[in-house]
Amino acid sequence: MQAAVSTSCLYPMKTEEAVFTLAKMGIPSIEIFFNSFAEASPAFLARIQNILQQHNMRVVALHPFTSAFEPLLFFSDYERRFEEGLALYTRFFKACRYLGAPILVFHGDFAQSQVPAPVYFARFEQLRARAEEYGVLLAQENVARCKSGKAAFVEQMAHALPQARFVLDVKQVLRAGEELDQMLLAMGKNIVHLHVSDHTAQQDCLLPGEGEMDFTQFVEKFSPWFTGYSVIEVYRHNFEEPLQLFKSNNFLQKILAAQS
């Protein structure tokens with residue numbers, strides 16, 4: 001297991017500037033959050049690739065801003081929009097392949113949606129299969145405002161789609177009022193990616209090492225089998241200076257190294 005940092009931590013800094021900021025800190029592994037359609041263009045990707053190569057960095061996942069639109073793109077009754085959504089996400093899968101990112105993070109449908117679970121799973125499978133054509137894992141994240149925020153839904157999905165893979169987000173577990181161990185059990189060994197953060201009784205999202213979470217105990221739950229990345233993903237208002245990201249990354253990496 002290794003630590004990484006998401007460029008989303010620096011939002012609304014421009015994505016290329018966020019990548020360069022993390023590069024200057026000497027952070028070797030990052031998740032990139034696309035914040036516009038232009039950021040999936042060949043010219044922009046080449047610009048990002050140049051930064052990555054100059055600083056010997058790797059991209060461990062991509063996370064598109066269109067997560068907010070996934071209910072409309074993939075889970076409405078309008079078939080043409082699904083096809084357009086599939087074409088759009090194919091651009092993202094190509095971007096993953098170009099940058100060497102093995103995972104695309106997916107939020108899915110809103111919790112209040114009336115789309116039946118079997119329909120959800122069938123559409124996810126279509127998208128997952130398209131991702132696979134480009135050597136990419138489409139990974140379902142647990143998100144409090146989405147169906148995936150509940151461990152019961154994730155467990156149902158894992159049973160219906162043995163090939164499905166998951167992203168565990170610690171802060172989203174807290175925000176959904178779920179138990180971390182229940183979400184872990186629901187996802188099982190199909191977890192391929194972690195979004196980690198710290199917390200206190202007063203704040204549910206802080207940089208690792210700045211709250212009360214026992215990260216050694218957390219890592220022990222995964223160390224026997226997990227080979228993915230623990231990505232620090234918090235919001236810009238959760239810390240004061242970008243240098244805190246570097247310190248938090250080092251804090252997390254030391255704990256991960258001790259368990260390897």
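Quick note: structure is the one above.
Residues numbered from 1 in each chain as written. Predicted model: local features only at pLDDT ≥ 70, side-chain atom pairs only at ≥ 80, totals over all residues. Heavy atoms only, no water.

(A) Structural context of the overall build of the chain. The number of helices and strands found in the chain is ten helices and eight strands. A compact globule built from 260 residues would reach a C-alpha radius of gyration of about 18 Å, and the chain, at 17 Å, matches this within 12%. Across its three principal directions, the C-alpha atoms of the chain cover 45 × 45 × 30 Å. By residue count, 55% of the 260 residues in the chain fall in the buried class. Counting every atom, the chain has about 11700 Å² of accessible surface; 51% of that belongs to carbon and sulfur. Distance from the positive charge centre (23 side chains) to the negative charge centre (28 side chains) of the chain: 6 Å. (Helix = DSSP H or I, 4+ residues; strand = E, 2+ residues; numbered from the N terminus. Rg over C-alpha atoms; globule rule 2.2 N^0.38 Å. Buried < 20%, exposed > 50% of the residue type's maximum accessible area, 1.4 Å probe, protein only. Areas by Shrake-Rupley, 256 points an atom, 1.4 Å probe, with all protein chains shown as cover. Lys, Arg positive; Asp, Glu negative; His and termini not counted. Charge placed at Lys NZ, Arg CZ, Asp CG, Glu CD.)

(B) Broad picture of unusual backbone geometry. Between Tyr-11 and the following residue, Pro-12, the backbone shows a cis peptide bond with an omega angle of 15°. On the secondary structure map, Pro-12 appears in the loop between β1 (2–6) and α1 (15–25). Phi is positive for Asn-56, which is not a glycine, with a value near 55°. Structurally, Asn-56 can be placed in the loop between α2 (42–54) and β3 (58–64).

(C) Molecular detail of helix α6 (residues 151–160). Taken residue by residue, α6 has Ala-151, Phe-153, Val-154, Met-157 and Ala-158 as its buried positions. Along the axis of α6, the buried residues cluster in a sector spanning 160°; they form a single face. Exposed positions of α6 whose direction lies more than 90 degrees from the buried face are Ala-152, Glu-155 and His-159. Against the buried residues of α6 lie α5 (117–133), β5 (137–141), β6 (165–169) and α8 (180–187). (Arc of directions from axis to C-beta. Contact = heavy atoms within 4.5 Å.)

(D) The arrangement of the packing of aromatic side chains in detail. Considering all chains together, one arrives at 19 aromatic pairs under this definition. Between Phe-215 and Phe-251, the aromatic rings sit 6.0 Å apart at their centres with planes inclined by 90°, giving edge-to-face as the arrangement. Placement of the pair is Phe-215 in helix α9 (residues 215–220) and Phe-251 in helix α10 (residues 243–259), with a sequence separation of 36 residues. Of the residues examined, Phe-215 reaches a relative accessible area of 2% and is grouped as buried. Among the aromatic residues, ring-to-ring pairing joins Phe-34, Phe-74, Phe-75, Phe-82, Tyr-89, Phe-92, Phe-106, Tyr-120, Phe-121, Phe-124 and Phe-153 into one connected group. (Phe/Tyr/Trp six-rings, centres within 6.5 Å; stacked < 30°, edge-to-face > 60°.)

(E) A look at the environment of Leu-206. When you line up the elements, Leu-206 lands in the loop between β7 (191–196) and α9. With relative accessibility at 7%, the residue Leu-206 sits in the buried group. Note: C-alpha distance between Leu-206 and Glu-233 (27 residues apart in sequence) is 9.1 Å. Contact partners of Leu-206, with chain neighbours within four places excluded, come to Ser-197, Asp-198, His-199, Thr-200, Gly-211, Val-234 and Asn-238.

(F) Up close: the packing of α1 against α2. Look at α1 against α2: their axes get within 10 Å of each other, and the N-to-C directions meet at 5°. If you check the angle between α1 and α2, you find them roughly parallel. In this structure, α1 uses Thr-15, Glu-16, Val-19, Phe-20 and Ala-23 to contact α2, whose residues at the interface are Phe-44, Arg-47, Ile-48, Ile-51 and Leu-52. (Axes fitted to C-alpha atoms, helices over the stretch in contact; angles between N-to-C directions. Parallel < 35°, antiparallel > 145°, perpendicular 65-115°, else oblique.)

(G) Highlighting the nonpolar core. Core analysis: the biggest nonpolar cluster contains 80 residues, and Leu-62, Tyr-89, Leu-168 and Phe-218 have the highest contact counts within it. When residues of this core are assigned to their parent elements, the largest contribution, nine residues, is made by helix α4 (residues 79–99). Contacts of Leu-168, omitting those with residues within four sequence positions, involve Asn-142, Val-173, Leu-180, Met-183, Leu-184, Met-187, Ile-191, His-193, Leu-194, His-195, Phe-218 and Phe-222. (Core = buried A, V, L, I, M, F, W, Y, C linked by side-chain atoms within 4.5 Å.)

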